[in-house]
Amino acid sequence: MPQPIRPVAARRMLDLALAFGSGGILTLMILCNGTVAGVTNGHFASLAAHGTGTVAALAFLALLPRRRSGAGPGRAPLWAYLGGLAGAVTVIVGSIAMNSALALSGMLALGLAGQTAFSLAVDRFGWFGMPRRSPDLRDAATVVLILAGCLVIIFGGTGG
Amino acid sequence: MVFYALAAGMLVAVSRGVNGRLALATSPLVASFWNHLVGLLVLIAVGLAGAGLWPERVSAVPVWAWAGGSLGVVFVASGSWLVARIGAVLTAMLVIAGQMISGVLLDILRDAPGSGWARAAGVVLILAGMVVAQSRK
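Notes on the structure follow. Because the structure is predicted, anything quoted here is derived from the model rather than measured.

**A look at the nonpolar core**
Argument step 1. Core analysis: the biggest nonpolar cluster contains 29 residues, and Cys150(A), Met93(B), Leu94(B), Met100(B) and Ile126(B) have the highest contact counts within it.
Argument step 2. Among the secondary structure elements, those contributing two or more residues to this core are α1 (8–39) and α5 (137–156) of chain A together with α3 (68–86), α4 (88–109) and α5 (116–134) of chain B.
Argument step 3. Considering each element in turn, this core owes the most residues, 10 residues, to α4(B).
Argument step 4. Once you skip the residues sitting within four places of it in the chain, Met93(B) turns out to touch Thr116(A), Val143(A), Ile146(A) and Leu147(A).

**Details of α5(A)**
Argument step 1. With 20 residues, α5(A) should reach 28 Å at 1.5 Å per residue; the first-to-last C-alpha distance of 27 Å fits that figure.
Argument step 2. Taken together, the buried positions of α5(A) are occupied by Arg138(A), Asp139(A), Thr142(A), Val143(A), Ile146(A), Leu147(A), Gly149(A), Cys150(A), Ile153(A) and Ile154(A). Projected onto a plane normal to the axis of α5(A), the buried residues spread over an arc of 150° and lie on a single side. Among the exposed residues of α5(A), those pointing more than 90 degrees away from its buried face are Leu137(A) and Val144(A).
Argument step 3. Packing partners of the buried residues in α5(A) comprise α1 and α4 (104–125) of chain A together with α4 and α5 of chain B.
Argument step 4. Between the side-chain oxygen of the N-cap and the backbone nitrogen of Arg138(A) there are 3.2 Å, and the N-cap of α5(A) in question is Asp136(A).

Procedures and definitions
- Residues numbered from 1 in each chain as written.
- Chains lettered and ligands numbered in written order.
- Predicted model: local features only at pLDDT ≥ 70, side-chain atom pairs only at ≥ 80, totals over all residues.
- Heavy atoms only, no water.
- Core = buried A, V, L, I, M, F, W, Y, C linked by side-chain atoms within 4.5 Å.
- Buried < 20%, exposed > 50% of the residue type's maximum accessible area, 1.4 Å probe, protein only.
- Helix = DSSP H or I, 4+ residues; strand = E, 2+ residues; numbered from the N terminus.
- Contact = heavy atoms within 4.5 Å.
- Expected span 1.5 Å × (residues − 1).
- Arc of directions from axis to C-beta.
- Polar contact = N/O pair within 3.5 Å; in protein donor to acceptor, adjacent residues only side chain to side chain.

This is the structure in structure tokens:
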């Protein structure tokens, strides 16, 4: 790779900034897809997002210069191609939960809990071929502070 | 119902892990492409099985709302790239932080009801978490 070697801290900051920015993209995405769902229905909103997304991904692949891969551990196993299955099931599971007696705030909080717990296991046990990481005190403090902030916004922000 | 809400959160982490594995062997954008194609095929199958493919009011969808799919491509590619680099937990936390803070901004812009103090306190906690994440070991 002809890239200059950046200090680890600067690289980490860029990665964190990218993750943070992608959260902003997620908000806009949900606004768009939620609007489509409001006019039509949840299934069509997801169908439309995946259809236009497939076309957009092909366009990006055609327009952007190909990055050489090869650093990865050989061919991907077949299951690695099935990420979209989880996405499609999420829509169905999410709409079941959404139409339940559970309030939206409770659902959001449980969703965060599920995502965090599962992510901890992915890191701890190296699931999906990811590098194993043991969470340290800094990671624990990050999780506690960010989740606490979310809960304050989710539960404190409603009905006020 | 508690189970379904928990499961929806877990599935977000599952798809990030699965797409991240594909990105390791290919590239984040290729992983995002397969994610969308496979999801599309599943949703078409569900539509053919009964949900229907083309509701009546499609023409009433505002033009800007069709951008959701393209935004999703960028979102999935970025998550697949990051999960192997900074880990599943940190990726999830920073994505959630970005989602929450941009959501608060959007709510303020749209004049949605809500407590200003709760929003401010929540944003401060989230920012503190991000400072800790970036701090030296």
